[in-house]
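Chain by chain, the residues run as shown.
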Amino acid sequence: MVEEIRIKTGDESITIQRIEEGSMDIFVDGSQKGLEKLEALIKSGQLKEISGIPIQYMESEVSNSLLSQTLVNLEQWLQNIIDASWQTVKDVLGEETGKLVVARSAVSTEGVLRAQRIDLEIESTVTSLALVVSIQPTSSEERDIRLAVYSIDSTTLPIGLKFIVLDTSGKILKEDEAKKADKLFQLKISGKTGECFSLRIELANANTSWSFII
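Residues numbered from 1 in each chain as written. Predicted model: local features only at pLDDT ≥ 70, side-chain atom pairs only at ≥ 80, totals over all residues. Heavy atoms only, no water.

**A look at the overall build of the protein**
Piece 1. Secondary structure assignment for the protein yields 5 helices and 13 strands.
Piece 2. Of the contacts formed within the protein by residues at least 6 apart in sequence, a portion of 55% connects residues at least 24 apart.
Piece 3. For the protein, the computed accessible surface area is about 11600 Å², with 45% contributed by carbon and sulfur atoms. (Helix = DSSP H or I, 4+ residues; strand = E, 2+ residues; numbered from the N terminus. Contact = heavy atoms within 4.5 Å. Areas by Shrake-Rupley, 256 points an atom, 1.4 Å probe, with all protein chains shown as cover.)

**Describing the sheet that holds strand 10 (residues 172-177)**
Hydrogen bonding along the main chain pairs the strands of a sheet, whether they run parallel or antiparallel.
Piece 1. With mixed pairing, 5 strands are arranged side by side in an open sheet as 5-13-12-9-10. The two strands at the open ends of the sheet, each matched to only one other strand, are strand 5 (71-73) and strand 10. Across the sheet, the mean angle separating the axes of adjacent strands is 20 degrees when strand polarity is ignored.
Piece 2. Sheet topology places strand 12 (residues 196-203) next to strand 13 (residues 206-213); 8 bridges connect them, and they run antiparallel. By the bridge assignment, S198 is partnered in strand 13 with S211. (Pairing = 2+ DSSP bridges. Axes fitted to C-alpha atoms, helices over the stretch in contact; angles between N-to-C directions.)

**Quick look at the pattern of salt bridges**
Piece 1. For the structure shown, the criterion picks out 4 salt bridges.
Piece 2. The residue R143 makes a salt bridge to E75 at a minimum N-O spacing of 2.9 Å. Note that R143 is positioned in strand 8 (residues 142-151) and E75 in helix 3 (residues 74-77), a separation of 68 residues in sequence.
Piece 3. For R143, a relative accessible area of 6% gives the class buried. (Salt bridge = Lys/Arg side-chain N within 4 Å of Asp/Glu carboxyl O. Buried < 20%, exposed > 50% of the residue type's maximum accessible area, 1.4 Å probe, protein only.)

**A look at the sheet that holds strand 11 (residues 184-192)**
Piece 1. With antiparallel pairing, 4 strands are arranged side by side in an open sheet as 6-7-8-11. Of all the strands in the sheet, just strand 6 (112-122) and strand 11 have a single pairing partner and so form its edges. Averaged over neighbouring strand pairs, the angle between their axes works out to 20 degrees when direction is ignored.
Piece 2. Judged from the 9 bridges that link them, strand 7 (residues 125-137) and strand 8 form a sheet pairing that is antiparallel. Within strand 8, the residue paired with Q136 across the bridge is D144.

**Some words on the side chain of Q116**
Piece 1. On the secondary structure map, Q116 appears in strand 6.
Piece 2. For Q116, a relative accessible area of 15% puts it in the buried group.
Piece 3. At 2.9 Å, the side chain of Q116 and the side chain of W210 are in polar contact.
Piece 4. Once residues within four sequence positions are removed from consideration, Q116 is found in contact with S85, W86, V92, L129, A130, L131 and W210. (Polar contact = N/O pair within 3.5 Å; in protein donor to acceptor, adjacent residues only side chain to side chain.)

**Side note on the confidence of the model for the protein**
Close inspection of predicted coordinates is inappropriate in any region flagged by low pLDDT.
Piece 1. A residue-level look at the protein finds 86% of positions with pLDDT of 70 or above and a mean pLDDT of 80.
Piece 2. Per-element averaging of pLDDT across the protein places strand 1 (residues 15-19) at the bottom with 70 and helix 3 at the top with 91.
Piece 3. Across residues 62-69 the pLDDT falls below 50, and counting only partners more than four positions away or on other chains, this stretch makes 21 contacts in the model. (pLDDT = per-residue confidence, 0-100.)

**Considerations on the packing of aromatic side chains**
Piece 1. Under the counting rule described, the total for this entry stands at 4 aromatic pairs.
Piece 2. Ring centres of W86 and F212 lie 6.4 Å apart, and the angle between their planes is 55 degrees; this geometry places the pair in the tilted category. One end of the pair, W86, is in the loop between helix 3 and helix 4 (89-93); the other, F212, is in strand 13, and 126 residues separate them in sequence. Accessibility assignment for this pair places W86 and F212 in one class, buried.
Piece 3. Look at F163 and F185: their rings are 5.3 Å apart centre to centre, the planes differ by 35 degrees, and that puts the pair in the tilted class. One end of the pair, F163, is in strand 9 (residues 162-167); the other, F185, is in strand 11, with 22 residues separating them in the sequence.
Piece 4. Pairwise contacts between aromatic rings join W77, W86, F197 and F212 into one cluster. (Phe/Tyr/Trp six-rings, centres within 6.5 Å; stacked < 30°, edge-to-face > 60°.)

So, in structure tokens, the structure goes:
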């Protein structure tokens with residue numbers, strides 16, 4: 001079972017910590033990238049069993065792991081099924097016209113645009129950001145995804161802020177760090193329905209993460 005998980009995730013550090021007596025709860029450990037890929041494979045339905053044992057679900061015991069984050073199903077946004085934690089861009093960014101215009105230009109009437117507030121606390125100081133995500137259908141299966149990060153409290157991003165996008169294998173698709181005059185981070189991803197990726201935002205020792213399925 002361990003070897004099969006290692007092959008599917010590409011993570012040789014995966015181990016089974018324990019199996020709860022009288023149940024089929026299996027506790028595994030490994031690198032963050034490996035566990036992230038394992039979660040994405042299970043939640044997307046690409047991995048339904050291991051060594052002939054059906055898998056019902058996967059959850060994390062570690063609060064700062066990507067596995068503790070809800071998998072955001074972007075395809076459901078196109079069906080108007082959107083978690084309440086994702087608000088309109090205006091609700092998150094406020095009334096500032098410039099940011100709203102830039103954010104809304106990412107999607108047409110066929111797409112969906114939502115935002116989420118991020119509060120990173122560093123030494124009792126809170127830095128407030130907005131993550132803006134849009135999904136746009138380009139064919140029956142192809143989708144264009146745009147990710148953008150804005151500062152809520154300032155005209156520019158905090159220096160040193162990191163924006164990291166990874167695929168399910170843990171390969172970095174995009175990594176950027178805010179310089180003095182950067183007003184936003186923005187990235188376009190094209191993919192097919194069912195594909196997964198993750199986003200991590202870091203500032204000093206504070207970070208937050210999301211896992212997405214198209």
